[in-house]
Amino acid sequence: MILSNPIFLVIVTICIFVAIRVALYRTGLVYIVKKWWWWFEDCFHVYQSFKVPKFNESMQENQLYGRVTDYLNSLTSIEESDFTNLVTGKKPNEIVLQLDPNQTIEDDFLGAKVIWQIEGSGAGGSRNLVLKVRKADKRRILRPYLQHIHVVADELEQKKRELRLYMNVDVPDRAWKPVPFTHPSTLETISMESDLKSKVKSDLESFLKAKQYYHRLGRVWKRSFLLYGPSGTGKSSFVAAMANFLGYDVYDLDLSRVKDDSELMILLLQTTTKSIIVIEDLDRYLAEKPAGLSFSGISNFMDGLLNSCCAEERVMVFTMNSKDHVDPAFLRPGRIDVHIHFPLCDFGAFKNLATSYLGLKEHKLFPQVEEIFLSGSSLSPAEIGELMIANRNSPSRAIKSVITALQTDGDGRGAGLFGRRVGFDTGSRKSESGEPGGAFCGEGGVPAVRDIRKLYGFLRMKSSRSPSHSQSFDADSAHREG
Ligand SMILES: Nc1ncnc2c1ncn2[C@@H]1O[C@H](COP(=O)(O)OP(=O)(O)OP(=O)(O)O)[C@@H](O)[C@H]1O
Ligand SMILES: [Mg+2]
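Quick caveat: nothing in here was measured; it's all calculated off a predicted structure. (Residues numbered from 1 in each chain as written. Chains lettered and ligands numbered in written order. Predicted model: local features only at pLDDT ≥ 70, side-chain atom pairs only at ≥ 80, totals over all residues. Heavy atoms only, no water.)

What to know about the site of ligand 1
And then number 1: Looking at ligand 1, there are 14 residues lining it, with S191, S231, K235, S236 and S237 nearest.
And then number 2: Within the contact set of ligand 1, an oxygen atom lies 2.6 Å away from a side-chain nitrogen or oxygen of S231.
And then number 3: Here an oxygen atom of ligand 1 sits 2.8 Å away from a polar atom, N or O, in the side chain of S236.
And then number 4: Calculation on ligand 1 without its partners gives an accessible area of 620 Å², and the protein chains cover 76% of this total.
And then number 5: Elements with a contribution of two residues or more to the shell around ligand 1: α7 (235-246) and α14 (381-390).
And then number 6: Broken down by element, the shell around ligand 1 gets its largest block of residues, three residues, from α7.
And then number 7: Class assignment of the residues belonging to the shell around ligand 1 gives a composition of four nonpolar, nine polar and one charged.
And then number 8: Each of domain 2 (164-341) and domain 3 (347-410) accounts for three or more of the residues forming the shell around ligand 1. (Near = heavy atom within 4 Å. Polar contact = N/O pair within 3.5 Å; in protein donor to acceptor, adjacent residues only side chain to side chain. Areas by Shrake-Rupley, 256 points an atom, 1.4 Å probe, with all protein chains shown as cover. Helix = DSSP H or I, 4+ residues; strand = E, 2+ residues; numbered from the N terminus. Nonpolar A, V, L, I, M, F, W, Y, C, P; charged D, E, K, R; others polar. Domains from an automatic or database assignment.)

Spelled out as structure tokens, the structure:
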């Protein structure tokens, strides 16, 4: 008899189970069942409650209340509460979820479930947040949990803070002048190879969490980057993107305005933690052999040598058009931790820009563009971006203008990784000697671009394995080591 067949019974049971599961999720009844289960389970647990009042005895706002509120608002579980208010946040377009009294939010921490309850009379009146922790978990999780809330609240505050841009001015007090920092650049808007971008992103993320690690090594908790590449390749935009990613202020230091070494150190002393200190076009400054600052003054500044008071929790960024003519002592590991190369565009970067500026993934003219890039021509992302913006209403016209520019101005500049622009101009295509700015590759001619690509691919693989102190997210370092 089929009913007594065990296989048939197993199949029927599985079908019934799947049908109930689909019905529960489709109708949302699963949340009621979960609630009942937790209620039943809670009957066998003893809870300890901790109240976080909004005001303390002298009716001053309890700081912890605000931090816990920010933390709870960042939890996804707040959206699962039965009844949540939507109110405007500090910014007009910000929507904050706010619970009514007696509503609860669940949170998980180190495998334990904790419950937050809103207690009190509601809007305007005194409200309390009550944390309920199972007695069995309290000793293990309470303090780490409260610490975790502070860390998350700090990060949320950092992200919300209005960033500032500081520039060093000559007079009257030769110090930093702040202005609001509103540069829109983000790591997403920068056209950069995806694996390079993710390497930099994870480097910044691990830096943010590395305070104990640096102090255990006896090192100042700072990280320094060298961004180098031809004009218009995104170095300054990348600095802005780093600041927006980290939520750090930017100190844009113009060395030509600094009188001497002591003033340079005073400027460093006046910077605050959680900031990026950037020196643009350092190669150009050093090439001009300025009178005011000495080699040791600049190198001590780069090391943040004074002591941890003024270099702690800071990122230093130096930009150059080329590092070829710079004394290697300025670039040694420990002084510059990460070298990032910003090359002229290749076809991949061109497609990224076409997607961002023109919304194009594919186009019938792309094969012709690729052919021209492979023949050795190239332009900077700035130049290509400008052509696309100027013709953004007609993608075909935009691509044709890029093709024309590649065929005229870009000729030979695409020697890319080993090609150097003659002179360090700022976007004009004339070298310092007035000759058309072409690329040259030191001795011998420019090898065929496809040979460079093969060599580049090999070098990149090598450089990702070479254990160098200062990380180089580029091929040149392997080229030197090669
Ligand atoms: N890789 C890139 N991705 C997206 N936009 C870019 C990129 N490179 C340059 N741009 C655009 O080109 C313009 C100039 O870029 P940016 O000022 O960052 O270049 P730069 O490398 O600092 O140039 P310079 O060496 O002359 O200072 C910016 O508007 C920027 O948006
Ligand atoms: Mg720049």
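Quick word on the sheet that holds strand β7 (residues 164-168)
And then number 1: The eight strands lie next to each other as β8-β7-β10-β11-β12-β9-β13-β16, forming an open sheet whose pairing is mixed. The open sheet is flanked by β8 (176-180) and β16 (471-473), the only strands paired with a single partner. Going across the sheet, the axis of each strand differs from the next one's by a mean of 20°, ignoring polarity.
And then number 2: Of the pairings in the sheet, the one linking strand β9 (residues 222-228) to strand β13 (residues 338-341) comprises four bridges and is parallel in character. Note on β13: the bridge partner recorded for F225 is V338.
And then number 3: The sheet strands contacting helix α10 (residues 295-303) are β9, β11 (275-279) and β12 (314-320), and the helix crosses β12 at an angle near 135°. (Pairing = 2+ DSSP bridges. Axes fitted to C-alpha atoms, helices over the stretch in contact; angles between N-to-C directions. Contact = heavy atoms within 4.5 Å.)

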